[in-house]
There are 4 protein chains.
Amino acid sequence: MLPDVQTLRPDIPVGLSRVGATGIKKLVKVDRGEGKRPVILISVFDVFVDLSPDRKGVNLSRNFEAIDEVLESLTAKPIRKIEELNLKIVDELLERHDYATKAEVQMGSELILIKKTPATKQRTQEVVKIFCKAVRSRNNQDKKIFVGVEVAGMTACPCAKELIKSRAAEKLRDSFTEEQIDKIFDTIPVAAHNQKGWAKIKIQVTEDFTPSIDDLIEIARNAMSYQLYEILKREDELVVIEEAHKNPRFVEDVVREMAKASVLKFRDAPDDIIVYFRHLSDESIHQHSVIAERTATLGELRNEIL
Amino acid sequence: MLPDVQTLRPDIPVGLSRVGATGIKKLVKVDRGEGKRPVILISVFDVFVDLSPDRKGVNLSRNFEAIDEVLESLTAKPIRKIEELNLKIVDELLERHDYATKAEVQMGSELILIKKTPATKQRTQEVVKIFCKAVRSRNNQDKKIFVGVEVAGMTACPCAKELIKSRAAEKLRDSFTEEQIDKIFDTIPVAAHNQKGWAKIKIQVTEDFTPSIDDLIEIARNAMSYQLYEILKREDELVVIEEAHKNPRFVEDVVREMAKASVLKFRDAPDDIIVYFRHLSDESIHQHSVIAERTATLGELRNEIL
Amino acid sequence: MLPDVQTLRPDIPVGLSRVGATGIKKLVKVDRGEGKRPVILISVFDVFVDLSPDRKGVNLSRNFEAIDEVLESLTAKPIRKIEELNLKIVDELLERHDYATKAEVQMGSELILIKKTPATKQRTQEVVKIFCKAVRSRNNQDKKIFVGVEVAGMTACPCAKELIKSRAAEKLRDSFTEEQIDKIFDTIPVAAHNQKGWAKIKIQVTEDFTPSIDDLIEIARNAMSYQLYEILKREDELVVIEEAHKNPRFVEDVVREMAKASVLKFRDAPDDIIVYFRHLSDESIHQHSVIAERTATLGELRNEIL
Amino acid sequence: MLPDVQTLRPDIPVGLSRVGATGIKKLVKVDRGEGKRPVILISVFDVFVDLSPDRKGVNLSRNFEAIDEVLESLTAKPIRKIEELNLKIVDELLERHDYATKAEVQMGSELILIKKTPATKQRTQEVVKIFCKAVRSRNNQDKKIFVGVEVAGMTACPCAKELIKSRAAEKLRDSFTEEQIDKIFDTIPVAAHNQKGWAKIKIQVTEDFTPSIDDLIEIARNAMSYQLYEILKREDELVVIEEAHKNPRFVEDVVREMAKASVLKFRDAPDDIIVYFRHLSDESIHQHSVIAERTATLGELRNEIL
């Protein structure tokens, strides 16, 4: 009989908040509903349980068995929502680690979407990050699930645009009337620095409120000055640049746009749903990146916006 | 006169939790006290302020000016502690962003230490990560400073060691007495899987409690099975392996060792000091990594340990 | 009619070795032959063509169209080998960039394999990197294709093992006979530092020589002291550690084992096939990593080994 | 006496191209000449030697001793050029590994430079990567040294600019004369996508030709549409955007600009000096990045350009 060191009492009777494994890669098949092809995701999981002061170690192989058990049960009945998948894993973790009072799982995937370019309607693709986090205590008092997305997009700088317009207007006044100048600026998208950035939303999910990943992607994508495409014919590139410069946005603006769109989209969601928005912009004129963030409940945002 | 777009009212009146810049690299010179050479650090800063719903954007260049101002003032009077440096930056941020109610700075550096190998006393080096985070609200009600370290080290697995001993003892019983077998195991370090890992401590700093970075490094280093060296002559390598296998430790053990050592070292610290411990082990027998964590106050840990 | 700037003459008439796009993610479905399930890969592509001194720019969207064209044609007739896929992309690139004399594609994927643990035969998984590189000039004079794999595994250090044995033998001699000591060392796996590493093979593919990815994975995996598993029950862990310590290997040994196994496996391959072997070991007793490499033709290796 | 396993004959008599250690971090102090402050660099070294088929392993600790020996000798007589430093390390490696016929070292550092913003002359900084690679065979027949830099900068897209101008001109023709339209475009910088990118130069160094790092940085910086600044006041931001849009550049253009500037700057360099240029642009309208490269001798470039 082999010794089982994990079950011994530890020398130092200190409890641990989280013990687990990170970076576990798995293939996950998500059913997208009737008429849609199922999605294959390469997902990375992190799984944790807590540990009491009187047990030396966690049986880590059970974490893998819990994930495998749930993923395999899916071949029979495919999962419709990643939050269901994660909640099942948390349940399975509590089942298998009977000494734990709390379990947690985080899952992240890259989703490859197909879309059309704005002018020539070329089929092209977009890679979007999706993620889920589920925490549950054995007594269910502490149960929280979040889903989220991170979408790459483009922002043009509102400040730069105004600086360029202001300086150009000054010079144009020598030769043109104010009316002509207005016409010129209505016609010509003036230069501004623009760059790639990543808009991120994380939102709480409950039994009664289950926002769709597609809606979250839509909100994140529309919050930036314009979206990205892998293929752009010249006609498309023209549209992308014109439209992005019509909608210049600071990182602050992107977060506020996501907050407003979420309030408008999720009208029926309870007031206490927690949301987190972030935009990170990899500035084209600086070496550093710029970030704006907001954490709030939907109720708080409703008060501010409506 | 150029337009100042940041000062406008935003279209969507939502406040922002944090707006700022990340990844700002600076050279920092830290005075280590009399008789010690000052340390040159390449530090990476992230700086943030909050933003009210009635202002479109933050003046980001002020973040850089705040850091530069503080770093330059140091040539006159060198800094003794990284927490002082970070607190000064936070003060400077609140000074320059008069519309902000809260400011935050995070700083991370790699520190190159010189040490001697255990047997042949070769001079060799160790790279340790140190970091600091300071948050302060304008009214001082919300003021928190943390310093921390992350040290690489080696752990040998206690479970693997016992498995090997148990199986070997079984076989040895055919030819040796129990007494001889005890002698054999006293003499031979038996195999176990062992691997590199990173022990991390983050601890709250107050006006009355300022733990030294050196003590934190010492606590993290000693919590693992053994420390790492860049140069190891054969005599040294022998010591490292023997000693590491005498002190096999799970990730759980490493966190508990740090908790205990902190309680013993910081006897005079207030009960409400917050500490965070983590050990991440890049398992040599698995593709994944394993993590254990504990967040607590020193008071809570004292209750559990003493 | 929109202007086409890429087709202009450049101001500076310098030719370019490679112009292209990197980091293009695509879903690829590879047919594994009768009776085997097709494999879904998330692949990352880099594609390049050369550019003459008299053309300002490359039409980059054609790179994406070339990949998409080839990937979509696969739904009709699934690909059997990643080298076929890459060669088709190169052909398509030369077709679409009529100004180019050379095209190149690189593709990398993570492959998730299922295997059984050594003792308890638990189903577990392994993530392996596979890659392919194809280069072709329009006149076919310069045509080279490589496929490769990178497999994680464990190495125990031969030097450390002998140091421990030597020191222990010295001490055991007080109480045991030489014969007894031999018996002891036959029975007990003694400690050595051991760690995760990555064995990599890249091998040239021709029309006449097409090594299978499965064989390459097998060669890489067996070259290290032992392989890794995500799930290990105690009985399995015991086998892993015992076996790894029976086969201690330096990075140098891992490369030599791969060289030998390739020579033995690919007996019918031409002498001029180019191979590259590398092992990178993330040392458990040092902060740095250690690497060994060999580039040669199979003919050269045959001369050295046979 | 401890066993020395590395010196044994290996089971498989295969020679190795390179064996060594990677990721060795060291503080390096470089003397910049009279009147300039010495520069402190945190440098990362990779060091390799070859290994014959009749020796099992390399003594890796000698790699560290070689670096340390050279770095410490510098306190007496500070180094003026990173190529000198690297060449000394290679010599020291050959000295210490008497079984090696070839040695190689690579070194990379981040250099923090101070510069002034274009309009308001604020002091700000720039982080530039510098690197060096030295290879030498014992018989000196194979001796090559390269130094290089990688500088971040901004590019605006020439194609996008022309697309926007072309479409806008069409619309302006309803209300303005051709002469007025010319005047408008002379005055207003029109929109184009613009982004951060990295221009890289690697150039061979010989006893007779030692280009300065400062010159390489200057060439890389000027090859892009404009340079980056950490601090930009509004007046500065205006200049950056105006100037970048006056100099729109493809990745292809950036490489060609570097080629031309190198030919003009290094007029006295021998024809057979090898140079490598690369520009990587992290496109603001795509998820992927775009790359252009050229490897050539200065002689070849002279033929193409002059």
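Residues numbered from 1 in each chain as written. Chains lettered and ligands numbered in written order. Predicted model: local features only at pLDDT ≥ 70, side-chain atom pairs only at ≥ 80, totals over all residues.

**Structural notes on the overall build of chain A**
Put simply, the rule reads: For helices the rule is a DSSP run of H or I covering at least 4 residues; for strands it is a run of E covering at least 2, with both sets numbered from the N terminus onward. Note on method: radius of gyration uses C-alpha positions; expected globular size equals 2.2 Å times residues raised to 0.38. Note on burial: count the other C-beta atoms lying within 10 Å of the residue's C-beta; 20 or more is buried, 12 or fewer is exposed, in between is partly exposed, and C-beta positions come from the backbone. By definition, residue pairs are in contact when their C-beta atoms, positioned from the backbone, come within 7 Å.
When helices and strands are tallied, chain A shows 8 helices and 9 strands. Its C-alpha radius of gyration of 24 Å places chain A more than 25% over the 19 Å reference for a compact globule of 306 residues. Its C-alpha atoms give chain A principal-axis dimensions of roughly 95 × 45 × 40 Å. Here chain A holds 306 residues, and the buried ones make up 54% of them. Look at the contacts in chain A between residues 6 or more apart in sequence, and 72% of them connect residues 24 or more apart.

**Considering the interface of chain B and chain A**
Going by this rule: Just so you know the grouping, Ala, Val, Leu, Ile, Met, Phe, Trp, Tyr, Cys and Pro go in nonpolar, Asp, Glu, Lys and Arg go in charged, and all remaining residues, Gly too, go in polar.
Of the residues lining the interface, 49 residues belong to chain B; the matching set on chain A comes to 49 residues. Of all the secondary-structure elements, those providing two or more residues to the side of chain B that touches chain A are strand 1 (16-30), helix 3 (158-172), helix 7 (251-265), strand 9 (289-297) and helix 8 (298-305) of chain B. When residues in the side of chain B that touches chain A are grouped by element, the largest group, 9 residues, is from strand 1 of chain B. Residues of the side of chain B that touches chain A, tallied by class, amount to 27 nonpolar, 11 polar and 11 charged.

**Description of the environment of Phe277(D)**
All names here are of chain D. In this structure, Phe277 sits in strand 8 (residues 274-281). By the C-beta count within 10 Å, which is 30 here, Phe277 ends up buried. Taking the C-alpha atoms as reference points, Phe277 and Glu95, separated by 182 residues in sequence, lie 34 Å from one another. Once you skip the residues sitting within four places of it in the chain, Phe277 turns out to touch Ile201, Val255, Met258, Ala259, Glu293 and Arg294.

**Some words on the packing of helix 5 (residues 213-223) of chain D against helix 7 (residues 251-265) of chain D**
Residues and elements named next belong to chain D. The following threshold applies: Interaxial angles span 0 to 180 degrees and are taken between N-to-C directions of axes, which are lines fitted to C-alpha atoms, for helices over the stretch in contact. In this scheme the handedness of a crossing depends on how the near helix is turned from the far one: anticlockwise by less than a right angle means left-handed, clockwise means right-handed.
Close contact between helix 5 and helix 7 brings their axes to 8 Å; oriented N to C, the two are set at 145 degrees. Handedness of the crossing formed by helix 5 with helix 7: right-handed. Residues Asp215, Ile219, Ala220, Asn222 and Ala223 of helix 5 form the contact with helix 7, whose own contacting residues are Val254, Glu257, Met258, Ala261, Ser262 and Lys265. When the residues that make up the contact of helix 5 with helix 7 are grouped by side-chain class, the tally is 6 nonpolar, 2 polar and 3 charged.

**Looking at the relation of the copies chain D and chain A**
Worth spelling out the cut-off: The copies were overlaid with a least-squares fit restricted to C-alpha atoms from residues scoring a pLDDT of at least 70 in each copy.
Mapping chain D onto chain A is achieved by rotating through 180 degrees and translating by 0.0 Å along the same axis, at an RMSD of 0.0 Å. This pairing of chains is accounted for by a two-fold axis. When C-alpha distances to the rotation axis are compared across chain D, the minimum falls at Ala191(D), with a value of 1.8 Å.

**Thoughts on the domain arrangement of chain A**
All names here are of chain A. Put simply, the rule is: The start and end points of each domain follow an automatic or database-based domain assignment.
According to the domain assignment, chain A consists of domain 1 (1-106) and domain 2 (117-157 + 192-306). In this assembly, 13 residues from domain 1 lie in contact with 14 residues from domain 2. Elements with a minimum of two residues in the side of domain 1 that touches domain 2: helix 2 (82-96) and strand 3 (102-116). By residue number, the principal contributor to the side of domain 1 that touches domain 2 is helix 2, which donates 6 residues.

**What to know about the interface of chain D and chain A**
Between chain D and chain A, the residue contacts involve 39 residues of the former and 39 residues of the latter. Counting only elements with at least two residues in the side of chain D that touches chain A, the list comes to strand 5 (143-156), helix 3 (158-172), helix 4 (178-187), strand 6 (194-205) and helix 6 (234-246) of chain D. In terms of residue count, helix 3 of chain D provides more of the side of chain D that touches chain A than any other element does, 7 residues in total. Broken down by class, the residue content of the side of chain D that touches chain A amounts to 21 nonpolar, 10 polar and 8 charged.

**A closer look at helix 6 (residues 234-246) of chain B**
For clarity, the threshold we go by: One fewer than the residue count of a helix, multiplied by 1.5 Å, yields its expected span.
Over its 13 residues, helix 6 of chain B runs 18 Å from end to end, which matches the ideal 18 Å to within 8%, given 1.5 Å per residue. Taken together, the buried positions of helix 6 of chain B are Arg234(B), Asp236(B), Glu237(B), Leu238(B), Val240(B), Ile241(B), Ala244(B) and His245(B). Buried residues belonging to helix 6 of chain B abut strand 5 (143-156), helix 3, strand 6 (194-205) and strand 7 (226-227) of chain B together with helix 3 (158-172) of chain C.

**Quick word on the pairing of strand 1 (residues 16-30) of chain D**
Filter applied, for reference: The pairing criterion is simple: DSSP has to find at least two bridges between the two strands.
In this sheet, strand 1 of chain D lies alongside strand 9 (residues 289-297) of chain C in antiparallel orientation, the contact comprising 5 bridges. Considered in strand 1 of chain D, the bridge of Val290(C) is made with Ala21(D). The sheet contact formed by strand 1 of chain D and strand 2 (residues 39-51) of chain D spans 11 bridges and is antiparallel. Directly across from Val30(D), in strand 2 of chain D, lies its bridge partner Val39(D).

**Notes on the packing of helix 7 of chain D against helix 8 (residues 298-305) of chain D**
Residues and elements named next belong to chain D. As a reminder, the rule being used: An angle below 35 degrees is treated as roughly parallel, one above 145 as roughly antiparallel, one from 65 to 115 as roughly perpendicular, and anything else as oblique.
Put simply, helix 7 and helix 8 touch, their axes get as near as 10 Å, and they point 105 degrees apart. The pairing of helix 7 with helix 8 is recorded here as roughly perpendicular in orientation. Contacts from Ala259, Lys260 and Val263 of helix 7 reach helix 8 at Leu298, Leu301, Arg302 and Ile305. Class assignment of the residues belonging to the contact of helix 7 with helix 8 gives a composition of 5 nonpolar, no polar and 2 charged.

**Let's talk about unusual backbone geometry**
In this structure, Asn140(A) takes a positive phi of about 65 degrees despite not being glycine. Structurally, Asn140(A) can be placed in the loop between strand 4 (123-137) and strand 5 (143-156). Here the phi dihedral of Lys121(C) falls at roughly 55 degrees; this positive angle occurs in a residue that is not glycine. Along the polypeptide, Lys121(C) turns up in the loop between strand 3 (102-116) and strand 4 (123-137). Lys121(C) gets classed as exposed once you count the C-beta atoms within 10 Å, which come to 12.

**Here we look at the environment of Val251(A)**
Position of Val251(A) among the secondary structure elements: in helix 7 (residues 251-265). Between the C-alpha atom of Val251(A) and that of Val30(A), which follows or precedes it by 221 residues, the distance is 33 Å. When residues no more than four places from it in sequence are discounted, the contact partners of Val251(A) are His279(A), Ser281(A), Val290(A), Ile291(A), Ala292(A) and Val19(B).

**Considerations on the nonpolar core**
Let me state the cut-off plainly: Nonpolar core, as used here: buried Ala, Val, Leu, Ile, Met, Phe, Trp, Tyr and Cys residues forming one set through C-beta atoms within 7 Å.
If you look at the biggest cluster of nonpolar residues, it comprises 372 residues, and the most contacted ones within it are Met258(A), Met258(B), Met258(C) and Met258(D). Apart from residues no more than four positions distant in its own chain, Met258(D) is found in contact with Ala199(D), Ile201(D), Ile219(D), Ala220(D), Ala223(D) and Phe277(D).

**Notes on the pairing of strand 9 (residues 289-297) of chain D**
Residues and elements named next belong to chain D. The element strand 9 is extensively covered by neighbouring structure, given that 7 of its 9 residues are classed as buried. As paired strands, strand 8 and strand 9 are joined by 8 bridges and run antiparallel to one another. Residue pairing across strands places Tyr276 opposite Thr295, the latter belonging to strand 9.

**Things to note about the environment of Glu257(D)**
Within the element layout of this structure, Glu257(D) appears in helix 7. By the C-beta count within 10 Å, which is 23 here, Glu257(D) ends up buried. Those residues in contact with Glu257(D) that lie beyond four places of it in its chain are Ile12(C) and Ala223(D).

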